[in-house]
Amino acid sequence: MKTVKSLAQMKQNKEKIVMMTAYDYPSAVLCEQAGMDLILVGDSLGMVVLGYETTIPVTVDEMIYHTKTVRRGAASTFVVTDMPFMSYHGSIDTTLDNARRIMQESGASAVKLEGGGKIAETVKRLTDSGVPVMGHLGLTPQSVGVEGGYKVHGKQRKEAEALIEDAKKLEQSGAFAIVLECVPQQLAEIASEALQIPVIGIGAGAGADGQVLVYHDIVGYGSHHVPKFVKKYGEISPVILDALTSYKQEVKNGTFPAQEHSFTMKEEELPTLYGGKER
Ligand SMILES: Nc1nc(=O)c2c([nH]1)NC[C@@H]1CN(c3ccc(C(=O)N[C@@H](CCC(=O)O)C(=O)O)cc3)CN21
Ligand SMILES: CC(C)C(=O)C(=O)O
Ligand SMILES: [Mg+2]
C-alpha cells in the first residue's frame, strides 16, 4: 500500500502517480488488480452512479457507504475519500467529526477537500489530528452554483498566481498532495515545480506529477456528458446493452433458459409428486 511518504518519494523520483476513481466493490477490485497507486472515492459518484446533475446532493453517509464497498474490494490500496459539499465549512467540531466518521467507519486512508487559502486552517486542524488531507484546486465542482458552470480555471495571470498561492498555503497547512482540475497545462507544470508535494492533474496536461480520471468516463460506462479532457479507453455501455437485449429476446422467444441452465430430478422420484399416479 502506498503511503504519503512513498507518494512524495515517487515525485522525487519523477515516477508518475496514477489515481482512478472507484465507487463500489467490482470497480475497486479491478482498480487494485490494475495496480492503481491511489483510488479516489470521488463525490463524482453523485453524478455517475447516483444520477444527480452535480456533486452537491452527495452526503457524508453516502461517501461512507461507497467507501466501505471500495475498501472491501481494494484492501491493499491507498483510498482517498472526498469530503462532500459543506461537510467541512461549519464549525471545526462538525468538520473534525465528519472526517473522523469517514476515516473510522469507511476505512479511508485520507480525505480530499476542495478549496485554497479559505480552508487552509481546516486542513491544518485535520492534519494536526492525524487525518491525511489531499487538496483540490482549479475547477472545484462543489462551487458550481457560485461559479455558474464548469470552466477552465487560471487562464489569466492573476488567477494563475492566486492558484499557486493557494497551493502553497495547502502545502504549508499539511496537505500531502493536491488535485489540480481543469487548468492550462503550463499552470499545472509551474505548480508541480513550485510544490514539494505531488500535484495530481485532471484536465491539467502532462506536466503534473500524476493523473486522475473518473472510472465511468474511461471505460465508457453510462450516458453522462464526458468532459473534453477525458480519454476513453473502453466503450463498455454497448457491451452491456447488447447482453441485456439478448437476454430479453431469449426469454421472450423461449431460448433461455436452455437445458444447460436447468436442474433435473431423477425420473423415479417423479411419480410420487403426482399423488402416486403416472404422468
Ligand atoms: N463523469 C464525470 N467526470 C468528471 O471528470 C467529473 C465529474 N463527472 N463530476 C465531478 C467533476 C466535474 N467535472 C467536470 C465536469 C464538466 C466539465 C466540462 O464540461 N468541461 C468543458 C470545458 C469547459 C471549458 O472549455 O471552459 C468540456 O467541454 O469538457 C469539466 C469538468 C470533473 N469531474
Ligand atoms: C474528478 C475528481 C478529482 C473528483 O474530485 C471526483 O471524482 O469527485
Ligand atoms: Mg470530487
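Everything numeric here is computed off the predicted structure, so don't read it as measured data.

**Student:** Got a minute to help me understand helix H5 (residues 92-106) in this structure?
**Tutor:** Note on helix geometry: an α-helix contains 3.6 residues per turn, so any two residues three or four positions apart are oriented the same way. In this model, H5 (15 residues) spans 21 Å end to end at C-alpha, consistent with the 21 Å of a helix rising 1.5 Å per residue. Just beyond H5, the residue with positive phi is glycine 107, at close to 85°.

**Student:** Mind showing me how you'd approach the UniProt feature "binding site: 3-methyl-2-oxobutanoate" (unreviewed entry) in the protein chain here?
**Tutor:** This chain's UniProt record puts "binding site: 3-methyl-2-oxobutanoate" (unreviewed entry) on Asp43, Ser44, Asp82 and Lys112. For the residues just named, distributed over 70 residues, the greatest C-alpha separation is only 12.5 Å, placing them together at one site. Checking the named residues against the largest pocket, the ones that line it are Asp43, Ser44, Asp82 and Lys112. Tracing the chain through its elements places aspartate 43 in the loop between strand E2 (38-41) and helix H3 (45-48). Beyond its immediate stretch of four places on either side in the chain, aspartate 43 contacts Thr55, Val58, Met63, Asp82, Glu114 and Gln142. When sequence neighbours within four positions are dropped, the list of residues in contact with serine 44 reads Thr21, Tyr23, Thr55 and Val214.

**Student:** Mind showing me how you'd approach the layout of surface pockets here?
**Tutor:** A water-sized probe, rolled over the atoms, reveals where empty space remains. In this structure, the largest pocket occupies an estimated 1,000 Å³ of space. Every residue lining the largest pocket is counted, 41 residues in all, and those nearest its centre are Glu181, Ile202, Asp217, Pro227 and Phe229. Of all the secondary-structure elements, those providing two or more residues to the lining of the largest pocket are H3, strand E4 (110-114), strand E6 (177-181) and strand E8 (210-213). No other element matches the three residues that E8 contributes to the lining of the largest pocket. Residue classes in the lining of the largest pocket are distributed as 20 nonpolar, 11 polar and 10 charged. Its boundaries defined by the atoms lining it, the second largest pocket holds a volume of some 590 Å³. The element contributing the most residues to the lining of the second largest pocket is helix H8 (residues 157-172), with four residues.

**Student:** So what exactly am I meant to see when it comes to the site of ligand 2 here?
**Tutor:** In the region of ligand 2, the neighbouring residues are Thr21, Leu40, Gly42, Asp43, Ser44, Asp82, Lys112, His136, Val179 and Ile202. In this structure, an oxygen atom belonging to ligand 2 sits 2.9 Å away from a side-chain N or O atom of aspartate 82. Its free accessible area being 260 Å², ligand 2 has 96% of it covered by the protein chains. Under a 2 Å grid-point criterion requiring more than half of the atoms, the pocket assigned to ligand 2 is the largest pocket. Of the residues belonging to the shell around ligand 2, the class tally is three nonpolar, four polar and three charged.

**Student:** How should I be thinking about the packing of H8 against helix H9 (residues 185-194) in this particular structure?
**Tutor:** Two numbers describe a pair of packed helices, the interaxial angle and the distance between the axes. Here H8 crosses H9 at 30°, and the two axes come no closer than 10 Å. When the axes of H8 and H9 are compared, the pair comes out roughly parallel. Of the two elements, H8 crosses H9, and the hand of that crossing is right-handed. Across the interface between the two elements, Ala160, Leu163, Ile164 and Lys168 of H8 pack against Leu187, Ile190, Ala191 and Ala194 of H9. Looking at the contact of H8 with H9 residue by residue, the class counts come to seven nonpolar, no polar and one charged.

Definitions and cut-offs
- Residues numbered from 1 in each chain as written.
- Chains lettered and ligands numbered in written order.
- Predicted model: local features only at pLDDT ≥ 70, side-chain atom pairs only at ≥ 80, totals over all residues.
- Heavy atoms only, no water.
- Helix = DSSP H or I, 4+ residues; strand = E, 2+ residues; numbered from the N terminus.
- Expected span 1.5 Å × (residues − 1).
- UniProt positions renumbered as here; feature names shortened; annotations may be inferred.
- 1 Å grid on protein atoms, 1.4 Å probe; cavity = no way out; pocket = protein on both sides within 12 Å on 5 of 7 lines; lining within 4 Å.
- Contact = heavy atoms within 4.5 Å.
- Points joined across faces, edges and corners; volume = space filled by probe spheres on them.
- Nonpolar A, V, L, I, M, F, W, Y, C, P; charged D, E, K, R; others polar.
- Near = heavy atom within 4 Å.
- Polar contact = N/O pair within 3.5 Å; in protein donor to acceptor, adjacent residues only side chain to side chain.
- Areas by Shrake-Rupley, 256 points an atom, 1.4 Å probe, with all protein chains shown as cover.
- Sits in = over half its atoms within 2 Å of the grid points.
- Axes fitted to C-alpha atoms, helices over the stretch in contact; angles between N-to-C directions.
- Parallel < 35°, antiparallel > 145°, perpendicular 65-115°, else oblique.
- Left-handed = near helix turned anticlockwise from the far one by under 90°.

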